[in-house]
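# Architecture and fold: a report
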Number of protein chains: 2
Amino acid sequence: MPPADPAPAKRDKALAARRRKILEAAVMCFLENGYHQTGVRDIAAKAGISLGNLYNHFSGKHDVLVEIATLELEELAPFIRRLRRPGPALKALDRFVASYAKYLSAPENIILSIEITSEAIRKDDLAALFMENRKALVDALADLLSRGVQSGELVLRSDPQESAELVLELIEGRAYHSVLGQVPMLRLLPGLKVFLRAALGVFR
Amino acid sequence: MPPADPAPAKRDKALAARRRKILEAAVMCFLENGYHQTGVRDIAAKAGISLGNLYNHFSGKHDVLVEIATLELEELAPFIRRLRRPGPALKALDRFVASYAKYLSAPENIILSIEITSEAIRKDDLAALFMENRKALVDALADLLSRGVQSGELVLRSDPQESAELVLELIEGRAYHSVLGQVPMLRLLPGLKVFLRAALGVFR
DNA sequence: TCTCCTTGAACGAACGATCGTTCATCGTAT
DNA sequence: ATACGATGAACGATCGTTCGTTCAAGGAGA
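Residues numbered from 1 in each chain as written. Chains lettered and ligands numbered in written order. Predicted model: local features only at pLDDT ≥ 70, side-chain atom pairs only at ≥ 80, totals over all residues. Heavy atoms only, no water.

All right, on to the confidence of the model for chain A then. Residues and elements named next belong to chain A. For chain A, per-residue confidence averages 92 on the pLDDT scale, and 93% of positions sit at 70 or higher. By mean pLDDT, helix α1 (residues 6–33) is the weakest element of chain A at 82, and helix α5 (residues 77–84) is the strongest at 98. Low pLDDT (under 50) marks residues 1–7, which in the prediction has zero contacts with non-local residues, meaning those over four places away or in another chain. (pLDDT = per-residue confidence, 0-100. Helix = DSSP H or I, 4+ residues; strand = E, 2+ residues; numbered from the N terminus. Contact = heavy atoms within 4.5 Å.)

See below:
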């Protein structure tokens, strides 16, 4: 028989809150100094807990990064949901580009994703996590593009899947450029939109 | 007054060769384990020299990475040269896309550039080096695009500089995808070309 | 109500390994 | 004898992780 009901529920909630606090601290550290330049002690200090206690909540430094990556990738869900909403494809596409670009205009998101990606090169579990979530986004966008083709709103010259990947890589490329080159993403958005419309045959 | 001529010349050559050997060893280490996971001892061991001797050739670990980045970025020079050669813009563009994509199809080049870029986020000298060399490439490509517009070979809907950046980011985005997703770059090239032609108004 | 006992979150000293860097020393050619 | 490239021991710092300990809170029995 499991232990009493009400108390554990409260406990779990407090525990989850503590985990979140640690993760937020870790994110701050990783942003400021990078994953490998951040020590476990730094995370614990920033979270205001002891070194040992951190290991009561996470199995290690790598685990912390994995959890962060999971949270980060979960933020893609709203975009996917909006992409899948019925309606005129072109309008939905425009909205997606604008909102995704806005999301990526926060340097934290870009830097964090660079940090995660570069770690994923040599850590298979991170790579799998990354690819899985990205595939969901690509699929949703590809479906939207297909709808746009069927309705005659746009003209693709290669298959939707590949086009979707290219569109995403374009937006992300601009975001990287925005961070590295210290250019505000807002200034890059108009040119990006025009380029995309041409690539997707919107002017046909 | 500088020291005697003939002997030092030979010496300098041998010295440069040794430097190169160390850099090559460092590249191998960085590729295999990443910059921060590579110790100075690993580099020295791989180069077959002693730990202390490494510091006779480089002022430190960071210096080694800077030199590697310099060498890596110098490999862009041939591309810039070919972009600047006179001739039909469209043909030159096609050739550039194919050759640059082929260059980036070597995973070493991609991984190394990720390693350098992610370090550049927090090291200003690396960032400056990176931006400077990339600007030269962007400028050359932008000029080529301008020529293409003037000759009526292609139709840009935003300014050449921005278009050039977008084109480069597209190619590089595909290359990243090729590495992370374990897809051979050759398979991505046709779709990329088609997408680019549409974006640059080649079919007009 | 008071006491005893269990529980587990929190702690931080300690571990062995490794980090980047320095430098006294040695062998070798001039 | 002199100059100098090469060496690796040594340094202090820091790494990620472990683990014995403390102690406040909650439940059971009086």
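Alright, that's what it looks like, and here's the rest.
To continue, consider the protein's contact with DNA strand C. For DNA strand C, the set of nearby residues contains 18 residues, the closest of which are Arg18 and Gly52 of chain A together with Arg41, Tyr55 and Lys61 of chain B. For DNA strand C, the backbone portion of the atoms within 4 Å of the protein, that is sugar and phosphate, comes to 48%. A distance of 2.8 Å separates a phosphate oxygen of DNA strand C from a polar side-chain atom of arginine 18 of chain A. Side-chain polar atom of asparagine 56 of chain A to a base nitrogen of DNA strand C: 3.1 Å apart, as the coordinates give it. Sorting elements by how many residues they give to the surface near DNA strand C places helix α3 (residues 51–57) of chain A first, with five residues. Grouping the amino acids of the surface near DNA strand C by side-chain chemistry returns five nonpolar, nine polar and four charged. (Near = heavy atom within 4 Å. Polar contact = N/O pair within 3.5 Å; in protein donor to acceptor, adjacent residues only side chain to side chain. Nonpolar A, V, L, I, M, F, W, Y, C, P; charged D, E, K, R; others polar.)

Residues and elements named next belong to chain B. Remark: helix α9 (residues 160–180) packs on helix α10 (residues 185–199), axes separated minimally by 10 Å, with the N-to-C direction vectors making an angle of 155°. Here α9 is positioned roughly antiparallel relative to α10, judged by the angle of their axes. Relative to α10, α9 is oriented so that their crossing is right-handed. For the pair α9 and α10, the contacting residues are Val167, Leu170, Ile171, Arg174, Ala175, His177 and Ser178 in the first and Met185, Leu188, Leu192, Phe195 and Leu196 in the second. A breakdown of the residues in the contact of α9 with α10 according to their chemical character gives nine nonpolar, two polar and one charged. (Axes fitted to C-alpha atoms, helices over the stretch in contact; angles between N-to-C directions. Parallel < 35°, antiparallel > 145°, perpendicular 65-115°, else oblique. Left-handed = near helix turned anticlockwise from the far one by under 90°.)

Attention now moves to the packing of helix α4 (residues 61–74) of chain A against helix α7 (residues 107–120) of chain A. All names here are of chain A. For the pair α4 and α7, interaxial distance at closest approach is 11 Å and the crossing angle is 130°. Viewed along their axes, α4 and α7 adopt a mutual orientation that is oblique. For the element pair α4 and α7, the recorded crossing hand is left-handed. In this structure, α4 contributes Leu65, Ile68, Ala69 and Glu72 to the contact, and α7 contributes Asn109, Leu112, Ile116 and Glu119. When the residues that make up the contact of α4 with α7 are grouped by side-chain class, the tally is five nonpolar, one polar and two charged.

Turning to the relation of the copies chain B and chain A, a few remarks are in order. Structural alignment of chain B on chain A gives an RMSD of 0.1 Å, achieved by rotating through 180° and translating 0.0 Å along the axis. Such a combination of turn and shift is consistent with a two-fold rotation axis. If distances are taken from each C-alpha of chain B to the rotation axis, the shortest is found for alanine 199 of chain B, at 1.9 Å. Most of the interface of chain B is mirrored in chain A: 100% of its interface residues are interface residues there too. (Least-squares fit on C-alpha atoms with pLDDT ≥ 70 in both.)

A few words on the environment of leucine 76 of chain B. All names here are of chain B. Considering the arrangement of structural elements, one finds leucine 76 in the loop between α4 (61–74) and α5 (77–84). On the basis of relative accessible area, leucine 76 is assigned to the buried category, the value being 10%. In the structure, leucine 76 is positioned 39 residues away from glutamine 37 in sequence and 27 Å away in space, judged by C-alpha atoms. Those residues within four positions of leucine 76 in sequence are excluded, and the remaining contacts are Tyr100, Asn133 and Leu137. (Buried < 20%, exposed > 50% of the residue type's maximum accessible area, 1.4 Å probe, protein only.)

Turning to the protein's contact with DNA strand D, a few remarks are in order. What surrounds DNA strand D is a group of 17 residues, the closest being Val40, Arg41, Tyr55 and Lys61 of chain A together with Gly52 of chain B. The share of sugar and phosphate among atoms of DNA strand D within 4 Å of the protein is 48%. Side-chain polar atom of arginine 41 of chain A to a base oxygen of DNA strand D: 2.6 Å apart, as the coordinates give it. Mapped onto the surface near DNA strand D, the elements with two or more residues apiece are α2 (40–47) and α3 of chain A together with α3 (51–57) of chain B. Here the element with the most residues in the surface near DNA strand D is α3 of chain B; it accounts for five residues. Its residues assigned to classes, the surface near DNA strand D comprises five nonpolar, eight polar and four charged.

All names here are of chain A. A grouping of Arg81, Arg82, Arg85, Lys91 and Arg95 is seen on the molecular surface, where their side chains present a positively charged patch. Of all the secondary-structure elements, those providing two or more residues to the positive patch are α5 and α6 (89–104). Looking at where lysine 91 falls in the secondary structure, it is placed in helix α6. Take lysine 91: its relative accessible area is 52%, and that puts it in the exposed class. (Patch = residues over 30% accessible without salt bridge, like charges linked within 9 Å, V, L, I, M, F, W, Y side chains within 5 Å. Areas by Shrake-Rupley, 256 points an atom, 1.4 Å probe, with all protein chains shown as cover. Salt bridge = Lys/Arg side-chain N within 4 Å of Asp/Glu carboxyl O. Lys, Arg positive; Asp, Glu negative; His and termini not counted. Charge placed at Lys NZ, Arg CZ, Asp CG, Glu CD.)

Right, let's get into the interface of chain B and chain A. Facing the 41 residues of chain B at the interface are 41 residues of chain A. Both sides together, the interface formed by chain B and chain A hides about 3,600 Å², and carbon and sulfur atoms give 65% of it. Counting the surface chain B buries against chain A, the share from its top three residues, Arg122, Leu180 and Phe195 of chain B, is 19%. Between glutamate 169 of chain A and arginine 174 of chain B there is a salt bridge, with its nearest N and O atoms 2.8 Å apart. Counting across the chain B and chain A interface gives 10 residue pairs in polar contact (both at pLDDT 80 or more). Those elements that place two or more of their residues in the side of chain B that touches chain A are α1 (6–33), α7 (107–120), α9 and α10 of chain B. (Buried area = accessible area lost by both parts, 1.4 Å probe.)

Next up on the list: the packing of aromatic side chains. According to the stated counting rule, one finds 12 aromatic pairs over all chains in the structure shown. Relative to tyrosine 100 of chain A, the ring of phenylalanine 96 of chain A has its centre 5.3 Å away and its plane inclined at 15°; by these criteria the two rings are stacked. Here tyrosine 100 of chain A and phenylalanine 96 of chain A lie together in helix α6, a separation of four residues that amounts to about one turn. Among the residues examined, tyrosine 100 of chain A registers a relative accessible area of 4% and is labelled buried. Pairing phenylalanine 30 of chain B with tyrosine 35 of chain B gives two aromatic rings, centres 5.1 Å apart and planes at 75°, and the pair type is edge-to-face. Owing to a relative accessible area of 5%, tyrosine 35 of chain B belongs among the buried residues under this scheme. Among the aromatic residues, those joined into a cluster by ring pairs are Phe79, Phe96, Tyr100 and Tyr103 of chain A. Sitting above the plane of the tyrosine 35 of chain B ring, lysine 61 of chain B keeps its charged end 4.4 Å from the centroid. Lying over the aromatic face of phenylalanine 79 of chain B, arginine 82 of chain B brings its terminal NZ or CZ to 5.1 Å of the ring centre. (Phe/Tyr/Trp six-rings, centres within 6.5 Å; stacked < 30°, edge-to-face > 60°. Lys NZ or Arg CZ within 6 Å of the ring centre and 35° of its normal.)

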